[in-house]
Amino acid sequence: MAENESARGAASGEPLVRVEGLRKSFGSLEVLKGINFEVNRGEVVTIIGASGSGKSTLLRCINLLETPDSGHVWFHGEDLANSRANVNKLRESIGMVFQTFNLFNNKNVLDNCTLAPVMLHKCDKAEAERRARENLAAVGLADFVDAPSTSLSGGQKQRVAIARALCMQPDLMLFDEPTSALDPEIVGEVLNVMRDLASGGMTMVVVTHEMDFAKNVSDKVVFMDKGVIAEEGDPKQLFTNPRQPRARAFLSRYLEDVGVE
């Protein structure tokens, strides 16, 4: 997208992401049933809900890892569902962190972080390495630059995955349950990195079961149930006084853990 288009979008105050009427089915199973929501620049939005409610499918539709059956996903003011949209170019501005790291096991930490920026001609190798070292330091892995990726713990691998996404200098970061594959004792090190990103103003959409993160870091929480957004709003309101019975039932098991009275 041309820089002046992005500048106009920022100046107009339009959302960075706008989803309208999004539907997605797998065979006869309708997973998303007409989703509408927005993400503003600098906002942290968490998506919560029971397994099978459509959270991860929604996230994957935002950057077209899954193709919606109908509806629209606007990013930087451009409809990704439009056949004329340069989806690959727009996707370069969207970082994605998965549950299971997806590192290249035959490469070391530095090479994992520099491969995409160099291959996609975002920068030359020297600049890619400079960015990679900077981002690895930011996630606490400055001393692991030359380490084989197979030698890392799960928490370290996920932090490398975050650094790798940041090396593309994204405008938006998507996190698909980034701590679900981690041992409980190392979940905190990944969440701390995500908190730092939020504090730095990174726009983030996070699918998570970490209710403390959702309550205390989010600007907005979206509760999904059976393929629809059943409720969304301010975290404190949603966690203390959810309006919908399904949201109350889902959150009741977490209220004691997050300190809600």
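Look above for the structure.
Small disclaimer: the values here were computed from a predicted structure and weren't measured.

1. A word on unusual backbone geometry
Now for step 1: Even without glycine at this site, N102 takes up a positive phi of about 60°.
Now for step 2: What makes N102 partly exposed here is its relative accessible area of 40%.
Now for step 3: Here K226, not a glycine, exhibits a phi torsion of approximately 55°, which is positive.

2. Details of the pairing of strand 4 (residues 70-75)
Now for step 1: Where strand 1 (residues 17-26) lies against strand 4, 5 bridges are found, and the strand directions are antiparallel. By the bridge assignment for strand 4, V19 is matched with V73.
Now for step 2: Judged from the 2 bridges that link them, strand 4 and strand 5 (residues 78-79) form a sheet pairing that is antiparallel. Along strand 5, the bridge assignment pairs W74 with D79.
Now for step 3: In textbook terms, the turn of a hairpin is the stretch between consecutive antiparallel strands, and for strand 4 and strand 5 this stretch comprises 2 residues, one of which, H76, has a positive phi near 55°.

3. Concerning the packing of helix 4 (residues 109-119) against helix 5 (residues 125-138)
Now for step 1: With their axes 9 Å apart at the nearest point, helix 4 and helix 5 run at an angle of 130° to one another. The angle between helix 4 and helix 5 falls in the class oblique. Helix 4 and helix 5 meet at a crossing whose hand is right-handed. Between helix 4 and helix 5, the contacting residues are V109, L110, D111, C113, T114, P117 and V118 on the first element and K125, A128, E129, A132, R133 and L136 on the second.
Now for step 2: Class assignment of the residues belonging to the contact of helix 4 with helix 5 gives a composition of 8 nonpolar, 1 polar and 4 charged.

4. Looking at the packing of aromatic side chains
Now for step 1: Counting across every chain of the model gives 1 aromatic pair.
Now for step 2: Ring centres 5.4 Å apart and planes at 40° place the aromatic pair F223 and F250 in the tilted group. Of the two residues, F223 is situated in strand 9 (residues 220-225) and F250 in helix 10 (residues 245-252); the sequence distance between them amounts to 27 residues. As far as burial versus exposure is concerned, F223 and F250 are alike and both buried.

5. What about the pattern of salt bridges?
Now for step 1: Within this structure, the stated rule accounts for 14 salt bridges.
Now for step 2: Measuring nitrogen to oxygen at the nearest pair gives 3.7 Å for the salt bridge that ties E92 to K89.
Now for step 3: In this structure E92 comes out as buried when scored by relative accessible area, which is 14%.
Now for step 4: A relative accessible area of 41% means that K89 is categorised as partly exposed.
Now for step 5: E231 serves as the salt-bridge partner of R243, at 3.9 Å between the closest nitrogen and oxygen. Placement of R243 in the loop between helix 9 (235-240) and helix 10 and of E231 in strand 10 (residues 228-233) is noted, with a sequence separation of 12 residues between them.
Now for step 6: Judged by its relative accessible area of 3%, E231 is buried.

6. As for the packing of helix 6 (residues 154-166) against helix 7 (residues 187-199)
Now for step 1: Packing of helix 6 against helix 7 leaves a shortest axis separation of 9 Å and a crossing angle of 25°. Our classification of the angle between helix 6 and helix 7 gives roughly parallel. Residues G155, Q156, Q158, R159, I162 and L166 of helix 6 pack against E189, V190, V193, M194 and L197 of helix 7.
Now for step 2: For the contact of helix 6 with helix 7, the class distribution of residues is 6 nonpolar, 3 polar and 2 charged.

7. Quick look at the nonpolar core
Now for step 1: Counting 37 residues, the largest nonpolar core has L136, V160, I162, M173, F175, M194 and M204 as the members making the most contacts within it.
Now for step 2: Listing elements by their share of this core, those giving two or more residues are helix 4, helix 5, helix 6, strand 7 (172-176), helix 7, strand 8 (203-207) and helix 8 (211-217).
Now for step 3: Ranked by residue count, the leading element in this core is helix 7, at 7 residues.
Now for step 4: Once you skip the residues sitting within four places of it in the chain, M173 turns out to touch G95, V97, I162, A165, L166, M202, T203, M204 and V205.

8. Details of the sheet that holds strand 2 (residues 29-39)
Within a sheet, adjacent strands bond to each other through the backbone by hydrogen bonds, running parallel or antiparallel.
Now for step 1: Ordered by their spatial adjacency, 4 strands build an open sheet running 2-1-4-5, and the pairing between neighbours is antiparallel. Two strands close off the open sheet at either side, each with one partner strand: strand 2 and strand 5.
Now for step 2: Along the sheet face, helix 2 (residues 55-62) touches strand 1, strand 2 and strand 4 and points at about 60° away from the line of strand 2.

What counts as what
Residues numbered from 1 in each chain as written. Predicted model: local features only at pLDDT ≥ 70, side-chain atom pairs only at ≥ 80, totals over all residues. Heavy atoms only, no water. Buried < 20%, exposed > 50% of the residue type's maximum accessible area, 1.4 Å probe, protein only. Pairing = 2+ DSSP bridges. Helix = DSSP H or I, 4+ residues; strand = E, 2+ residues; numbered from the N terminus. Axes fitted to C-alpha atoms, helices over the stretch in contact; angles between N-to-C directions. Parallel < 35°, antiparallel > 145°, perpendicular 65-115°, else oblique. Left-handed = near helix turned anticlockwise from the far one by under 90°. Contact = heavy atoms within 4.5 Å. Nonpolar A, V, L, I, M, F, W, Y, C, P; charged D, E, K, R; others polar. Phe/Tyr/Trp six-rings, centres within 6.5 Å; stacked < 30°, edge-to-face > 60°. Salt bridge = Lys/Arg side-chain N within 4 Å of Asp/Glu carboxyl O. Core = buried A, V, L, I, M, F, W, Y, C linked by side-chain atoms within 4.5 Å.

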